[in-house]
Amino acid sequence: MAEKKMKGSYILMEALKQEGVDTIFGYPGGNIIPVFDALYDYQDDFNYILMRHEQAVTHAAEGYARASGKPGVCIVTSGPGATNTITGIGDAMMDSTPMIVITGQANAASLGTDAFQEIDLVGITQPITKWSYQIRRAEDIAYAVARAFHIATTGRPGPVVLDFAKNAQNELFEFQPQKISIARGYIPYPDLNEKQVDEVANLINESKKPLVLVGQGVILSNAEKELLTFLEKADIPAASTLLGLSAMPSDFRLNKGFIGMHGNIAPNKKTNECDLLIGIGMRFADRVTGNVKTYAKQAKIVHIDIDISEIGKNIKTDAKILGDAKEVLIALTKKIKENNHSEWIDSFKAFEEEEYNKVIKKSLYPSVDALTMGEVVRKVSDATHKDAILVTDVGQNQMESARYFQYTKSRSIVTSGGLGTMGFGLPAAIGAKIGVPNRTVCIFAGDGGFQMSIQELGTIMQSNIGVKMILLNNNYLGMVRQWQELFYQKRYSSTPMINPDFNAIASAYKIANRKVTKRDELDEAINDMLSNDEAFLLVVEVEENGLVYPMTPAGETITNILTPED
């Protein structure tokens, strides 16, 4: 019996259902109208969220993916609608976030004529996607969607773009479900090399002062339990990159904190003292390594990653294992010996005490009247019983949140790492809350980044999304101001901000809100914010001249760490 023909726009809907999609973020326009017309008949199948800007569409899809572990899906129109997604696509590529971006396009017959809102999106996005493909015929839709999901979600995840010509949206064809498990030339999961595993296991067994650096790859491969088992058996201390922070519970005995420019003193110092440094699912990015010429020169370096292009790219390695983090950790754990590195682990304590006395105590228990970002973050974390999902914008708010928020579960931090995208936080929090509706989602933002996506308060209002927004307002572009203070003779060029009444704006969007200017108001305001699952904006006036410490200046040796007393 012949399959019933349907419009290409309806084939797209059926293909998305076939992939298990439950949520779509989007913004309509002329060259994608047929798809939105079809979506009208699929309201029972998809939770559609109308955002207020196409960049926010992609960030919401990122937040959904990072919190839920499922790929984010978004649909926008052609021309400026499509080009507005570029930042989110680049952000997803840098941070290995699975996302499918479907864009409208002019009719295939008019391509190359500079038709209205025609743009070469495939050409633009090829360098920042895992796959970018233009659908010109209805008969190609089901295959393209199946291949897109396979590529976006397997191996090292990332974004895929499907540029959807308008004629293909309207053409008639039979929907034939597709399942793609192999794509020519694409090997998402390399075979594990037992010789590599043996070599690394021997290095671990021989090491006296090993240190593990945990990246987001552990989370992406769902290897959190395997990581803890591995660390416990070998008795190895571990620290996390920004995106890897919630892979280990904050109170796990071998968790030594956060590495990199604003990370904890102990793991950064010990990086240049260990005899074996093991990076798992991380990139050895410049914000982690500082000056690569002086990075861990005393240590043998092992890199475990699923992406061969990352191994040896920034830091020369002595041994490697190419493979999925879960598979590698299971194999390694079988071959390593039970060990005891108590003396080495105890040596972290002196640096931990130094940081507590010089930095943490002053951030969490300040003697000055002005509220600090750190104390606000920790109070919110404690009030949510360390069980919430942290979403951040970018800047001082991001680093202070990463330092002082605490975690009991994985997939509990959603932040823009590699690209450092201001304006990411608010739409990403929307996506995270939709992706994991039963968890509290707290987004911390500065006054600068918040205003880059403030229009998404409209999305929160229309779709009744219960995100908890904490605006850390210091009336500056704080991180740029910090660099100006420390390295540019306090020449505060373009960083002071004259801000609007954020509470009045929230009220205009019918969002509950409070403003805190004094320490004795904070606890009550936080309790008020968390008292129900409705959206809430808490504006906290924090110290204007606060600095994020510790800090390793860009390009410096990772152990050249600045503290407030320097």
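Residue positions are given per chain, counting from 1 as you read along its sequence in written order. Given that this is a predicted model, residues contribute local features only at a pLDDT of at least 70 and side-chain atom pairs are listed and counted only at 80 or more, while totals for whole chains, interfaces and linings are drawn from all residues. Side-chain metrics in this entry use all non-hydrogen atoms of the structure; hydrogen atoms and water are not considered.

Asker: I keep staring at the domain arrangement of the chain and nothing clicks. Help me out?
Answerer: The extent of an interface is frequently quoted as the accessible surface area lost upon association of the parts. Here the bounds of each domain stem from an automatic or database domain assignment. Structurally, the chain comprises domain 1 (5–174), domain 2 (194–349) and domain 3 (369–541). Spacing between the C-alpha centres of domain 2 and domain 3 amounts to 31 Å. Contact criterion: two residues are considered in contact whenever any of their non-hydrogen atoms come within 4.5 Å of each other. Contact residues are listed per partner, giving 18 residues for domain 2 and 18 residues for domain 3. Taken together, the two surfaces of domain 2 and domain 3 that pack against each other cover about 1,400 Å², and 61% of this comes from carbon and sulfur. On the domain 2 side of the contact with domain 3, Leu242, Ser246 and His262 bury the most area, a combined 39% of that side's loss. Any Lys or Arg side-chain nitrogen located within 4 Å of an Asp or Glu carboxyl oxygen qualifies as a salt bridge. Seen at the junction of domain 2 and domain 3, the total is zero salt bridges. In the analysis that follows, any N or O atom pair within 3.5 Å is treated as a polar contact, provided that within protein one partner can donate a hydrogen and the other can accept it, and provided that, for residues neighboring in sequence, both atoms belong to side chains. At the boundary of domain 2 with domain 3, the tally comes to five residue pairs in polar contact (both at pLDDT 80 or more). Broken down by class, the residue content of the side of domain 2 that touches domain 3 amounts to nine nonpolar, six polar and three charged. Computed with a 1.4 Å rolling probe, the buried area is the accessible surface lost when two parts are put together, summed over both parts. For this classification, Asp, Glu, Lys and Arg are treated as charged, while Ala, Val, Leu, Ile, Met, Phe, Trp, Tyr, Cys and Pro are nonpolar and the rest, including Gly, are polar.

Asker: Got a minute to help me understand the packing of helix H3 (residues 54–68) against helix H19 (residues 425–435) in this structure?
Answerer: Between two packed helices, the angle of one axis relative to the other and the distance separating the axes together describe the packing. Running from N to C, H3 and H19 cross one another at 40 degrees; their axes reach a closest spacing of 6 Å. The angle between H3 and H19 places the two elements in the oblique class. Helix-helix and strand crossings are classified by hand; for H3 and H19 the assignment is right-handed. Here H3 contributes Ala56, His59, Ala60, Gly63, Tyr64, Ala67 and Ser68 to the contact with H19, which in turn contributes Pro427, Ala428, Gly431, Ala432, Ile434 and Gly435. Axes, fitted as lines to C-alpha atoms, cover a helix only where it is in contact. Angles between the N-to-C directions of the axes lie from 0 to 180 degrees. Here a helix means four or more residues in a row that DSSP labels H or I, a strand means two or more in a row labelled E, and each is numbered from the N terminus. In what follows, roughly perpendicular refers to angles from 65 to 115 degrees, roughly parallel to angles under 35, roughly antiparallel to angles over 145, and oblique to any angle outside these ranges. In this scheme the crossing of two helices becomes right-handed for a clockwise turn of the near helix relative to the far one and left-handed for an anticlockwise turn of less than a right angle.

Asker: Would you take a moment to explain helix H11 (residues 224–234) for this structure?
Answerer: Note that an α-helix has 3.6 residues per turn; residues three or four places apart therefore point the same way. Glu224, Leu227, Phe230, Leu231 and Ala234 are the residues of H11 that are buried. One face of H11 carries all of its buried residues, which in axial projection span an arc of 125 degrees. Buried positions along H11 lie against helix H9 (194–206), strand S9 (210–214), helix H10 (216–220), strand S10 (238–240), strand S12 (276–280) and helix H14 (325–335). Phi turns positive one or two residues past the end of H11, at aspartate 235, with a value near 55 degrees. Buried, partly exposed and exposed residues are distinguished by accessible area as a fraction of the type maximum, computed with a 1.4 Å probe on protein chains only: under 20%, between the cut-offs, and over 50%, respectively. To be clear, the arc concerns the directions from the helix axis to the C-beta atoms.

Asker: In this structure, what is going on with the packing of aromatic side chains? I would like to understand it.
Answerer: Working definition: an aromatic ring pair is given by the centre-to-centre distance plus the angle between the planes. Classification of ring pairs rests on two measures: the distance between centres of Phe, Tyr or Trp rings, Trp counted by its six-membered ring, which must be within 6.5 Å, and the angle between planes, read as stacked under 30 degrees, edge-to-face over 60 and tilted in between. With the rule as written, the count across this model stands at twelve aromatic pairs. Their ring planes at 70 degrees and their centres at 6.0 Å tell us that phenylalanine 25 and tyrosine 64 sit as a pair that is edge-to-face. One end of the pair, phenylalanine 25, is in strand S2 (residues 23–26); the other, tyrosine 64, is in helix H3, with 39 residues separating them in the sequence. Judged by centre distance (6.0 Å) and plane angle (80 degrees), the rings of phenylalanine 450 and phenylalanine 502 are edge-to-face. Linking phenylalanine 450 in helix H20 (residues 447–452) with phenylalanine 502 in helix H23 (residues 502–508), this pair joins segments that are 52 residues apart in sequence. Classification of phenylalanine 450 as buried rests on a relative accessible area of 2%. The residue whose ring lies beneath lysine 270 is phenylalanine 348, and the NZ or CZ to ring-centre distance is 5.7 Å. In this analysis the charged atom, NZ for Lys or CZ for Arg, is taken to sit over a ring once it is within 6 Å of the ring centre and within 35 degrees of the ring normal.

Asker: Looking at this structure, I do not really get the packing of H3 against helix H5 (residues 86–94). What am I missing?
Answerer: Packing of H3 against H5 brings their axes to within 7 Å, and their N-to-C directions diverge by 25 degrees. Between H3 and H5, the angle falls in the class roughly parallel. Facing H3, whose interface residues are Gln55, Thr58, His59 and Glu62, H5 presents Thr87, Gly88, Asp91 and Ala92. Residue composition of the contact of H3 with H5, grouped by class: one nonpolar, five polar and two charged.

Asker: What's the story with the sheet that holds S2 in this structure? I'm lost.
Answerer: Across a sheet, strands are paired by hydrogen bonds formed along the backbone, either parallel or antiparallel in direction. The strand order across the open sheet built from six strands is S3-S2-S4-S5-S7-S6, with neighbouring strands paired in parallel fashion. The outermost strands of the open sheet, each flanked by one partner alone, are strand S3 (47–50) and strand S6 (131–135). The average undirected angle you get between the axes of adjacent strands in this sheet is 20 degrees. Between any two strands, pairing holds if DSSP finds at least two bridges. Here S2 pairs with strand S4 (residues 72–76) via two bridges, running parallel. Bridge pairing links glycine 26 to isoleucine 75 in S4.

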